Amino acid sequence: MQESRYQLLESWITRNADETLARGVIIAESLTAGEMLVFTGNLGSGKTTLIQGICRGLGVEETVTSPTFTLINEYRGRLPVYHFDFYRLHSAVELTDLGLEEYLYGDGICLVEWPELIAEWLPVRHIRLHLEHGIHAAGRINALQAEQQLEPVPITPDVRLIEVYRHEPARD
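Residues numbered from 1 in each chain as written. Predicted model: local features only at pLDDT ≥ 70, side-chain atom pairs only at ≥ 80, totals over all residues. Heavy atoms only, no water.

1. Some words on the overall build of the protein
And then number 1: In terms of regular secondary structure, the protein is built from five helices and seven strands.
And then number 2: For the protein, the α and β elements follow one another from N to C terminus as β-α-β-α-β-β-α-α-β-β-α-β.
And then number 3: Against the globule reference of 16 Å for 172 residues, the protein gives a C-alpha radius of gyration of 16 Å, in line with a compact fold.
And then number 4: Taken over the C-alpha atoms alone, the protein extends approximately 50 × 45 × 30 Å along its principal axes.
And then number 5: Look at the contacts in the protein between residues 6 or more apart in sequence, and 69% of them connect residues 24 or more apart.
And then number 6: Positive and negative side-chain charges in the protein, numbering 14 and 25 respectively, have mean positions lying 5 Å apart. (Helix = DSSP H or I, 4+ residues; strand = E, 2+ residues; numbered from the N terminus. Rg over C-alpha atoms; globule rule 2.2 N^0.38 Å. Contact = heavy atoms within 4.5 Å. Lys, Arg positive; Asp, Glu negative; His and termini not counted. Charge placed at Lys NZ, Arg CZ, Asp CG, Glu CD.)

Here it is as structure tokens:
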């Protein structure tokens, strides 16, 4: 099996749900057909909110909700959008029945919550967005603000740290 790694690309701080949505719209601007974004973070860390912003940026007009009980929601925007939530996944058989590979290697944008439950199915190249509550990431937020000379953000329950990583094969 080929080694792989995650490379940190950038980090963002959002102060509330509106800023998290707006960051999603910005992310959507650069997405192209066939891209996969996976979202990690604790329950309530803002994964679905960020995905709602991405869908908005892709021109999805319908209400975007997490497919916690259905595994997938499909949306139409400037590209097809496939939003997966594997939090309640019971077995790999569900993935086969869903036709997961056709989605993952198709021409749409795949947005995957709880990807750690399907790690062996993920394409080698994908983008991971890790979200954390500001309270749990206060040290990293403060370091990021100092490094980027940002105006200090008071750490509240609404603050989120979003870290963007590229997953790729390791180079020798």
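From this point, things continue past the structure.
2. Topic: the side chain of Lys47
And then number 1: Considering the arrangement of structural elements, one finds Lys47 in helix H2 (residues 47-57).
And then number 2: Although Lys47 is buried, it makes no salt bridge; Glu113 carries the closest opposite charge, 4.9 Å away.
And then number 3: From its side chain, Lys47 meets the backbone oxygen of Asn42 in a polar contact 2.9 Å long.
And then number 4: The contact partners of Lys47, leaving out residues within four places of it in the chain, are Phe39, Thr40, Gly41, Asn42, Glu113, Trp114 and Leu131. (Buried < 20%, exposed > 50% of the residue type's maximum accessible area, 1.4 Å probe, protein only. Salt bridge = Lys/Arg side-chain N within 4 Å of Asp/Glu carboxyl O. Polar contact = N/O pair within 3.5 Å; in protein donor to acceptor, adjacent residues only side chain to side chain.)

3. Brief notes about the environment of Gly24
And then number 1: Counting through the fold element by element, Gly24 comes out in helix H1 (residues 17-29).
And then number 2: The class of Gly24 is buried, set by a relative accessible area of 0%.

4. Focus on H2
And then number 1: Within the span of H2, buried status applies to Lys47, Leu50, Ile51, Gly53, Ile54 and Cys55.
And then number 2: Gly59 sits one or two residues past H2 and shows a positive phi near 85°.

5. Digging into the packing of H1 against H2
And then number 1: Contact pair H1 / H2: the axes reach a minimum separation of 6 Å and the direction vectors enclose 45°. Taken together, H1 and H2 sit at an angle that is classed as oblique. Both H1 and H2 take part in a crossing whose hand is right-handed. Residues Ala17, Thr20, Leu21, Arg23, Gly24, Val25, Ile27 and Ala28 of H1 form the contact with H2, whose own contacting residues are Thr49, Leu50, Gln52, Gly53, Ile54, Arg56 and Gly57.
And then number 2: A class-by-class count of the residues in the contact of H1 with H2 yields seven nonpolar, six polar and two charged. (Axes fitted to C-alpha atoms, helices over the stretch in contact; angles between N-to-C directions. Parallel < 35°, antiparallel > 145°, perpendicular 65-115°, else oblique. Left-handed = near helix turned anticlockwise from the far one by under 90°. Nonpolar A, V, L, I, M, F, W, Y, C, P; charged D, E, K, R; others polar.)

6. Remarks on the nonpolar core
And then number 1: Ranked by size, the top nonpolar core spans 23 residues in total, and within it Leu37, Phe39, Leu50, Ile54, Cys55, Leu111 and Leu129 carry the most contacts.
And then number 2: Broken down by element, this core gets its largest block of residues, four residues, from H2.
And then number 3: Beyond its immediate stretch of four places on either side in the chain, Ile54 contacts Gly24, Val25, Ile27, Ala28, Leu31, Leu37, Phe39 and Leu111.
And then number 4: Core analysis: the second largest hydrophobic core is formed by 18 residues, Met36, Leu71, Ile72 and Cys110 among them. (Core = buried A, V, L, I, M, F, W, Y, C linked by side-chain atoms within 4.5 Å.)

7. Comments concerning the packing of aromatic side chains
And then number 1: The final tally for this structure, using the stated rule, is five aromatic pairs.
And then number 2: A ring pair is formed by Tyr82 and Tyr103, whose centres lie 4.8 Å apart and whose planes are at 65°; its orientation type is edge-to-face. Pair noted here: Tyr82 is in strand S4 (residues 80-85) and Tyr103 is in helix H4 (residues 100-104), with a separation of 21 residues, a long-range link. Both residues of the pair, Tyr82 and Tyr103, belong to the buried class. (Phe/Tyr/Trp six-rings, centres within 6.5 Å; stacked < 30°, edge-to-face > 60°.)

8. Points about the confidence of the model for the protein
And then number 1: Summing up the model confidence of the protein, the mean pLDDT is 88 and the portion of residues at 70 or higher is 96%.
And then number 2: In the model of the protein, helix H3 (residues 92-98) stands out as the element of lowest mean pLDDT, 77, in contrast to H2, which has the highest, 97. (pLDDT = per-residue confidence, 0-100.)

9. Some words on the side chain of Thr40
And then number 1: When you line up the elements, Thr40 lands in strand S2 (residues 36-40).
And then number 2: For Thr40, the side chain forms a polar contact with the side chain of Arg128, separated by 3.5 Å.
And then number 3: Leaving out residues up to four positions away in the same chain, Thr40 has contacts with Lys47, Pro115, Glu116, Arg128, Leu129, His130 and Leu131.

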